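Architecture at a glance
Read off the chains here:
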Amino acid sequence: MKLTVILCTHNRCHSLAKALESLSSQKVPESIAWEVLVVDNNSNDKTRDVVYDFCHRYPSRFRYIFEPQRGKSYALNLGIRESQGDILAFIDDDAVAGPAWLHSLTASLLHGEWAGAGGRILPSMNSPLPPWLAMAGPYSLGGVFAAYFDFGEKPCELTLPPYGTNMAFRRVMFEKYGGFRTDLGPQPGSHIRNEDTEFGRRLMAAGERLRYEPSAVVHHEVTGNRIQKEYFLNWWFDFGRATILERGRGTDGWLIPRRYFTILRLFARVLAPRTVRWMIVFNPLRRFYYKCKVWQAAGEIWEVHRTWRGL
């Protein structure tokens, strides 16, 4: 049995060094072989030098490959093809893993009962939360700026897909269901995400089981630009677009091919009610939450229009 950690990176050499340092300190039983595969997604900073330093220090542990096609999903799929593991774990270049992360995340996958697993993602930040931002509760937006993922202290079966900052799957899942969709995921000119959660939803829709592993902890860096309202609104607009892209034109009856009817339906049933809530609520947490939901609906409407025009 072998494990591969796949880390895709683009122009984040400073945070990348911290992430790789945390991976070099993983505590894995000696009976399990494991590697770290860093996929450089066409960086032009010192990413290559940073990774080569770890390859030199840990020659049997770290590997470097280069993906010239910009787009995170292209890098992820290259990592899958070039990996040597039976189980593939994923972490981001701005996250720091605890020393027991890899073993805790993958131990339940060794025997085939579970198709994949997701661990806890906790924010690493130096400034207090603004009054309009909630990390927990019904109006939580923590998953936006920190990929916050925390279902408590007890392992359980996931009903929501894990985030790419902290997830693992048996290799056979990619062989059976394909890789990450290249029309989703960050790429030049687009910040649309969902490439990670779409894959998890694809597995669950097929009846595969995913496990939540609370002892597999990573801390995700939160930079100052992420604690800005503009960042959240842009994220939710792109999330709305990704929701339509993920469904695909024609996979839902209401998307075939009545574009204007679909837009009117989204306006009447989604955008208008959310706008009313946003305008009449004065609690800052609830008000900004509903504003974000308005931006999500606007993104859905825009993507339906864009898709049918072939833009």
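Bear in mind the structure is a predicted one, so any value in this text is a computation, not a measurement. (Residues numbered from 1 in each chain as written. Predicted model: local features only at pLDDT ≥ 70, side-chain atom pairs only at ≥ 80, totals over all residues. Heavy atoms only, no water.)

1. Concerning the nonpolar core
L20, L23, F90, I91 and W101 are the most contacted members of the largest nonpolar core, which has 59 residues in total. If you look at the next biggest cluster of nonpolar residues, it comprises 29 residues, including V144, L233, W236 and L266. (Core = buried A, V, L, I, M, F, W, Y, C linked by side-chain atoms within 4.5 Å. Buried < 20%, exposed > 50% of the residue type's maximum accessible area, 1.4 Å probe, protein only.)

2. Looking at the side chain of T47
Looking at the element boundaries, T47 is found in helix 2 (residues 47-57). Setting aside residues up to four positions removed in sequence, T47 forms contacts with T9, N11, R12, C13, L16 and D40. (Helix = DSSP H or I, 4+ residues; strand = E, 2+ residues; numbered from the N terminus. Contact = heavy atoms within 4.5 Å.)

3. A look at the pattern of salt bridges
Opposite charge on two side chains allows them to pair when their charged atoms are near. Taken as a whole, this structure holds 20 salt bridges when the rule is applied. A salt bridge links R57 to E21, with the nearest nitrogen and oxygen atoms 3.3 Å apart. Note that R57 is positioned in helix 2 and E21 in helix 1 (residues 13-24), a separation of 36 residues in sequence. Residue R57 is classed as partly exposed on the basis of its relative accessible area of 37%. By relative accessible area, which is 35% here, E21 ends up partly exposed. In this structure, the salt-bridge partner of R63 is E35, at a minimum N-O distance of 2.9 Å. Of this pair, R63 sits in strand 3 (residues 62-66) while E35 sits in strand 2 (residues 33-40), placing them 28 residues apart in sequence. On the basis of relative accessible area, E35 is assigned to the buried category, the value being 3%. (Salt bridge = Lys/Arg side-chain N within 4 Å of Asp/Glu carboxyl O.)

4. Here we look at the environment of Y231
Looking at where Y231 falls in the secondary structure, it is placed in helix 8 (residues 229-247). Along the primary structure Y231 and K27 are separated by 204 residues, whereas in three dimensions their C-alpha atoms are 36 Å apart. Not counting residues up to four positions away in its chain, the partners in contact with Y231 are V144, F145, R193, N225 and R226.

5. Thoughts on the pairing of strand 6 (residues 116-124)
Of the pairings in the sheet, the one linking strand 6 to strand 8 (residues 166-170) comprises 3 bridges and is antiparallel in character. Paired with G118 across the two strands is M167, which belongs to strand 8. (Pairing = 2+ DSSP bridges.)

6. Notes on the confidence of the model for the protein
On average, residues of the protein score 91 in pLDDT, and 95% of them are at 70 or above. Contacts from residues 250-257, a stretch scored under 50 in pLDDT, to residues over four places away or in other chains number 16 contacts. (pLDDT = per-residue confidence, 0-100.)

7. Let's talk about the side chain of T197
In this fold, T197 is placed in helix 7 (residues 195-205). Looking at T197, the relative accessible area reads 9%, which means it is buried.

8. With respect to the environment of N77
Note on placement: N77 falls in helix 3 (residues 72-82). On the basis of relative accessibility, which here comes to 13%, the residue N77 falls in the buried class. Taking the C-alpha atoms as reference points, N77 and K293, 216 residues apart in sequence, are found 31 Å from one another. A distance of 2.8 Å separates a polar side-chain atom of N77 from the backbone nitrogen of F180. (Polar contact = N/O pair within 3.5 Å; in protein donor to acceptor, adjacent residues only side chain to side chain.)

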